[in-house]
Amino acid sequence: MGGKHFGAWRRVAGVSVGGALALAFGGASAADNAALAACDGPFATVLQANAAADARAYWLNRQLIKWPGADAAGGAFKIYHSASASLHAAPGARVSGADGSLALARFDGALPADLAQRFKFVGNGAVLALASADAARLGGLLTQQLMLVHEAEDGTVRDATTLQIAGALDDLYASAANAHDLGVSVGKQSSFKLWAPTAQRVALCTYANGSGKATAITAMQRDATTGIWSARLDGNRSGQYYQYLVDVVAPSAGLVRNLVTDPYSISLTTDSKRSYIADLNAINLKPAGWDKTPTPKKVATQSDMTVYELHVRDFSINDSTVSAANRGKYTAFTEAGSNGMRHLAALSKAGMTDIHLLPVFDIGSVPEQGCVTPAIPPVLAPDSEGQQALVSKTQATDCYNWGYDPYHYNAPEGSYATDPADGAKRIIEFRQMVQALHKTGLRVGMDVVYNHTFIAGQNEKSVLDRVVPGYYHRLNAKGAVERSTCCDNTATENLMMAKLMIDSVEQWAVQYKIDSFRFDLMGHQPRAAMEQLQARADRATGRHINLIGEGWNFGEVADGARFVQASQLSLNGSGIGTFSDRARDAVRGGGAGDSGLQMITQQGYINGLVYNANAQAGARPVSDLLQASDLVKVGLAGSIRSYPLQTHDGKTQQLQDIVYGGNQPAGYASEPGEVVNYVENHDNQTLYDINAFKLPRATTSAERAQVQMLGAAINAFSQGVAYFHAGFDILRSKSLDRNSFESGDWFNRLDWSYQDNYYGTGVPREEDNGKDYALIKPLLRDAAIKPSPKDIVYARDAFRDLLAIRSSSTLFRLRSAADIKQRLRFYNTGSGQVPTVIVAHIDGAGYAGANFKSITYLINVDKVAQRLTVAEEKNRRYQLHPVHTSMASADKRVALEARYDAASGTFAIPPRSAVVFVEKK
């Protein structure tokens, strides 16, 4: 380790380092040792402190700047720069600490169209231009502290601000987007590349293992064209670890030296302290048979998808049939004989196509070693506050979180590995999990969260913002990070953040054989970036990768404020699916954000709206029920914009002309694959818990199971993607918890032995539920609401029957909007309908995979049996679907009571049932 390794590391002139390490090398061993010690130093060292400043001005590109609110008349505009971050600009005084300044001219022309569009959200103000010669120097200047100053005629400061840099970096370093080898590459040499265009110096620290001291420090070289720093080490360093030392100006702190992991880390050691060196194609990182294990061929088009949303820890932590070492781990999925894997295998056999895993990339909230699980006495009362108090006491150190707190996007989470200290383990075991699910006939999807990071700024678990401060996150008008998503929002409209997202998805799809992705808060991302991602993933894998996500429209990007969003109303025609709240709210009643009495009074289509009012619901007009019925039909028709439906008022109108939520179109999709139908997922209360609030208290537990299956039937029969939360089929309860992301194993348990659904196991966490304890406690005390094992088994089997019916015919999974408009007809519509019954007919003549000449299904949500005569259905040769007449059928009432009379076209169906009649070819 000679002085040649440190040629790029020189003392910064004028920097006062205080107690920080000053790196100055002349080849002496003492200097070498001092440099190496920095690799084992603190995660951040302030080399020159400077007060945080706002960033009210925007670099539009390498030459143009816009300063909203600035008065362009009078005075002069300058950019001051300081390599040592020593600038001070107090109003009324002259700027101090500068290494120099650049004069700016006022720009009075029209902005180029691309800049006008990208920065349309920026307020009115002065537009300024750098001289061409100065613009050519900008790459070097952006590594310094910069301040935009409006000076008075006497040279004193009128106003000063720092600048938001994304526009300039994207212009200067656009070619970096073409780099295909960011991160670590291993062959005869080991190569490291980091995009850090604003860094003054970058060094590579390498370690023989995940816990020992650094063995070497190597200066990295900067490519001026791309802003990428690189280093090569002799030999294959697989199995070792690394970090970067980055000297950079951070707006919140001054000039800092950050010891940071690689944003492109493929694996890490315990608690993500160091990045792992490996080649993901190496044979030792692949389980036996990995390359030859095929992906299940269950999904020909996106509407074939039937999804089970599952949390890795939930799956096995409570399953005594899994070996103790594998509980809560990736490897639990390899135990084919466990109760949990037998359950998944049965779902696969019935027709489930995809398991969607809640976040399994590296997360920041769970200690990967030494996490605790609180001991909760099982004898506590069903309405006790004791359970949640114990969960909350260990919340910061327990083993549980949903995982919506991204730390490293490209690496598997270590808490699910049997040994988080070994960077290889999480790679191999993640692949073993995928392989086991594929062998069970289930495709694997990932829930991904590219819309925010765990944290930003100079925090220890901030990665992106400590490499390129101020670039990767979306900023507000003062330069602070936007947090509308809950956390520190990323800016996927910026070139290299979009690249990181796209590169990441490609890696998961190629290296881990992920079949589909579910994007958290996808509406915060540009449609253009998502379409680029789709094209890249398909091209890289040679197959179609299915993309779905949350298309909610809110926050600083709402209504296209910054770009065309990947949101519900902006994605039609893209083929990317978004979750639909239309039928969800109609089925459940109320909205996702309801609290207080609204949770009880706002009944829905399946739990008693008008026809079976609970004691607190009060009188509701029948029109409310009819409107809910219309919205359920919207969902059944795939929310297709142009589908014509006769609504309860007798009018026939396209679904896009039916109003939802006051001002939105009920129908918003161009094709069925663009809608994801669901009535329950990890967010909000489970359906069983919602029904505990809304169903009349006298409803028996057996009837509650029937109501749950009405929700399942509506979802299963809806055109588009069908999405179910794990445990939905076994009446999963979270003891009325509305937000169980930090509620620990206790409130998130699953019982694959089908003995308990964990209703009435204590009031849920006070943080999200405390204001409603007065409503919650009486319900949890009511033992009659809790299902018996018999009820759970009924729901399990009835759910599988519904899956089998859905998978039996492509008529439940029509391929196009044109097919839906041509083949799907609703009867019992208009003003004279029986509002508690839905009747739908699907024509199967000549349709590939239909398997039947036609299908008519009826859904009766009422608590009484119904008889309906449908003139259009006379003289058919209907019989019950074979699933209904099977000896193994769960709902015996259907075979015994459901009838069709051909002469009159009359159907008879039991209460709270979903019945499918078929005409065989």
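Residues numbered from 1 in each chain as written. Predicted model: local features only at pLDDT ≥ 70, side-chain atom pairs only at ≥ 80, totals over all residues. Heavy atoms only, no water.

Going by what an unreviewed UniProt entry lists, the protein chain is known as Pullulanase-type alpha-1,6-glucosidase and is assigned to Rugamonas rivuli.

Visitor: How would you summarise the overall build of the protein chain if you had to cite specific residues and measurements?
Guide: Within the protein chain, the regular secondary structure consists of 24 helices and 42 strands. The C-alpha radius of gyration computed for the protein chain amounts to 30 Å, which stays within 12% of the reference 29 Å derived for 921 residues, consistent with globular compactness. Expressed as lengths along the three principal axes of its C-alpha atoms, the size of the protein chain is roughly 95 × 65 × 55 Å. Put simply, the protein chain has 921 residues, and 63% of those count as buried. (Helix = DSSP H or I, 4+ residues; strand = E, 2+ residues; numbered from the N terminus. Rg over C-alpha atoms; globule rule 2.2 N^0.38 Å. Buried < 20%, exposed > 50% of the residue type's maximum accessible area, 1.4 Å probe, protein only.)

Visitor: So what's going on with the pattern of salt bridges? Residues and values would help.
Guide: Enumeration over the complete set of coordinates arrives at 46 salt bridges. Note that arginine 274 and aspartate 40 form a salt bridge whose closest N and O atoms lie 3.7 Å from each other. Of this pair, arginine 274 sits in the loop between strand E17 (254–260) and strand E18 (275–276) while aspartate 40 sits in the loop between helix H1 (29–38) and strand E1 (44–49), and the two are 234 residues apart along the sequence. Looking at aspartate 40, the relative accessible area reads 29%, which means it is partly exposed. Between arginine 137 and aspartate 134 there is a salt bridge, with its nearest N and O atoms 3.4 Å apart. Here arginine 137 falls in the partly exposed class, since its relative accessible area comes to 40%. Counted as one network, the salt bridges with shared partners bring together Asp447, Arg518, Asp520 and Glu550. (Salt bridge = Lys/Arg side-chain N within 4 Å of Asp/Glu carboxyl O.)

Visitor: Give a detailed account of the pairing of strand E22 (residues 406–412), specifying residues and quantitative values.
Guide: The buried count for E22 comes to seven of seven residues, which makes it a mostly enclosed element. Across three bridges, strand E21 (residues 361–363) lies against E22 in antiparallel orientation. Note on E22: the bridge partner recorded for aspartate 362 is histidine 408. (Pairing = 2+ DSSP bridges.)

Visitor: Let's hear about the domain arrangement of the protein chain: which residues, and what values?
Guide: The domains assigned to the protein chain are domain 1 (57–161), domain 2 (174–285) and domain 3 (824–920). For domain 2 and domain 3, the distance between their C-alpha centroids amounts to 62 Å. (Domains from an automatic or database assignment.)

Visitor: Would you mind going over the packing of aromatic side chains in detail, with residue names and values included?
Guide: For any pair of aromatic rings, the description rests on two quantities: the centre-to-centre distance and the angle between the ring planes. Counting across every chain of the model gives 39 aromatic pairs. An angle of 65° between the planes, with centres 5.0 Å apart, marks the rings of tryptophan 195 and tyrosine 471 as edge-to-face. Linking tryptophan 195 in strand E11 (residues 189–195) with tyrosine 471 in the loop between helix H10 (464–467) and strand E25 (488–489), this pair joins segments that are 276 residues apart in sequence. Neither residue differs from the other here; tryptophan 195 and tyrosine 471 are each classed as buried. When the ring of phenylalanine 579 is compared with that of tyrosine 723, the centres are 4.8 Å apart and the planes differ by 80°; the resulting orientation is edge-to-face. Taken together, the positions of phenylalanine 579 in strand E28 (residues 577–579) and tyrosine 723 in strand E34 (residues 721–725) put the pair 144 residues apart, joining distant regions of the chain. What makes tyrosine 723 buried here is its relative accessible area of 1%. Taken together, Tyr330, Tyr416, Phe430, Trp508 and Tyr512 form an aromatic cluster joined through their ring pairs. The side chain of arginine 274 reaches across the aromatic face of tyrosine 207, ending 3.7 Å from its centre. (Phe/Tyr/Trp six-rings, centres within 6.5 Å; stacked < 30°, edge-to-face > 60°. Lys NZ or Arg CZ within 6 Å of the ring centre and 35° of its normal.)

Visitor: Break down the sheet that holds strand E10 (residues 183–186) for me, with residues and values.
Guide: Read from one edge of the open sheet, four strands run E10-E11-E15-E14, paired in antiparallel fashion. Every other strand in the sheet has two partners, leaving E10 and strand E14 (221–222) as the edge strands with one partner each. Judged from the two bridges that link them, E14 and strand E15 (residues 228–234) form a sheet pairing that is antiparallel. Within E15, the residue paired with glutamine 221 across the bridge is serine 230.

Visitor: Tell me about empty space enclosed by the protein, and please be specific about residues and values.
Guide: All told, the structure shown has eight cavities of 30 Å³ or more when counted by the stated rule. Roughly 180 Å³ of volume is contained in the largest cavity. Looking at the largest cavity, it is lined by 17 residues, and the ones nearest its centre are Tyr794, Ala798, Leu802, Asp891 and Ala914. Every element with two or more residues in the lining of the largest cavity is listed here: helix H17 (701–717), helix H21 (789–807), helix H23 (882–885), helix H24 (892–897) and strand E42 (913–919). For the lining of the largest cavity, the leading source of residues is H21, giving five residues. Tallied by class, the residues present in the lining of the largest cavity amount to nine nonpolar, four polar and four charged. Size it by volume and the second largest cavity reaches roughly 150 Å³. Looking at the lining of the second largest cavity element by element, the count peaks at three residues for helix H13 (residues 582–588). (1 Å grid on protein atoms, 1.4 Å probe; cavity = no way out; pocket = protein on both sides within 12 Å on 5 of 7 lines; lining within 4 Å. Points joined across faces, edges and corners; volume = space filled by probe spheres on them. Nonpolar A, V, L, I, M, F, W, Y, C, P; charged D, E, K, R; others polar.)

Visitor: Provide a residue-level description of the environment of proline 526, including the pertinent values.
Guide: Relative to the elements of secondary structure, proline 526 occurs in the loop between strand E26 (516–519) and helix H12 (527–541). Taking relative accessible area as the criterion, proline 526 reaches 8% and is therefore assigned buried. In the structure, proline 526 is positioned 44 residues away from serine 570 in sequence and 9.6 Å away in space, judged by C-alpha atoms. Residues within four places of proline 526 in sequence aside, it is in contact with Thr492, Glu493, Phe563, Val564, Gln565 and Ala566. (Contact = heavy atoms within 4.5 Å.)

Visitor: I'd like a rundown of the UniProt feature "domain: Alpha-1,6-glucosidases pullulanase-type C-terminal" (unreviewed entry) in the protein chain, residues and numbers included.
Guide: Mapped onto this numbering, the UniProt entry annotates "domain: Alpha-1,6-glucosidases pullulanase-type C-terminal" (unreviewed entry) at residues 754–919. The straight-line gap between the two end C-alpha atoms of residues 754–919 is 36 Å; of that span, 30% is helix and 23% is strand. (UniProt positions renumbered as here; feature names shortened; annotations may be inferred.)

Visitor: Which residues make up the pairing of strand E37 (residues 854–860), and what are the values?
Guide: Most of E37 sits inside the fold, with seven of its seven residues counted as buried. Across the two faces of E37 the burial is the same, with Ser854, Thr856, Leu858 and Asn860 and Ile855, Tyr857 and Ile859 all buried. Sheet topology note: the strand E36 (residues 837–843)/E37 ladder contains seven bridges and is antiparallel. Its bridge partner lying in E37, alanine 840 is registered against tyrosine 857. Both E37 and E42 contribute to a ladder of seven bridges, which runs antiparallel.

Visitor: Which residues make up the packing of helix H7 (residues 339–350) against H21, and what values do they have?
Guide: For the pair H7 and H21, the least separation of the axes is 8 Å and the interaxial angle reads 35°. Counted together, His343, Ala346, Leu347 and Ala350 of H7 and Arg796, Phe799, Arg800, Leu803, Ala804 and Ser807 of H21 form the full contact between these two elements. When its residues are assigned to classes, the contact of H7 with H21 shows six nonpolar, two polar and two charged. (Axes fitted to C-alpha atoms, helices over the stretch in contact; angles between N-to-C directions.)

Visitor: Tell me what's going on with the sheet that holds strand E40 (residues 899–901), and back it up with residues and numbers.
Guide: Strand order in the open sheet formed by three strands is E38-E41-E40, with antiparallel pairing between adjacent strands. At either margin of the open sheet sits one strand with a lone partner, and together these are strand E38 (866–869) and E40. The sheet shows a mean angle of 15° between the axes of neighbouring strands, taken without regard to direction.

Visitor: Any chance you could break down the side chain of aspartate 791 for me, citing the residues and the numbers?
Guide: With respect to the helices and strands, aspartate 791 occurs in helix H21. Although buried, aspartate 791 forms no salt bridge, and the nearest oppositely charged side chain, lysine 790, lies 6.9 Å from it. When neighbours within four sequence positions are excluded, aspartate 791 is seen to be in contact with Ser701, Ala702, Ala705 and Leu731. (Lys, Arg positive; Asp, Glu negative; His and termini not counted.)

Visitor: Account for the packing of helix H16 (residues 687–694) against H17, with residues named and values stated.
Guide: Two elements in contact, H16 and H17, have axes separated by 10 Å at closest approach and are oriented at 120°. As judged from the angle between their axes, H16 and H17 are oblique. Between H16 and H17 lies a crossing of right-handed hand. Residues Leu687, Tyr688, Asn691 and Ala692 of H16 touch H17, and the partners they reach there are Arg704, Val707, Gln708 and Gly711. (Parallel < 35°, antiparallel > 145°, perpendicular 65-115°, else oblique. Left-handed = near helix turned anticlockwise from the far one by under 90°.)

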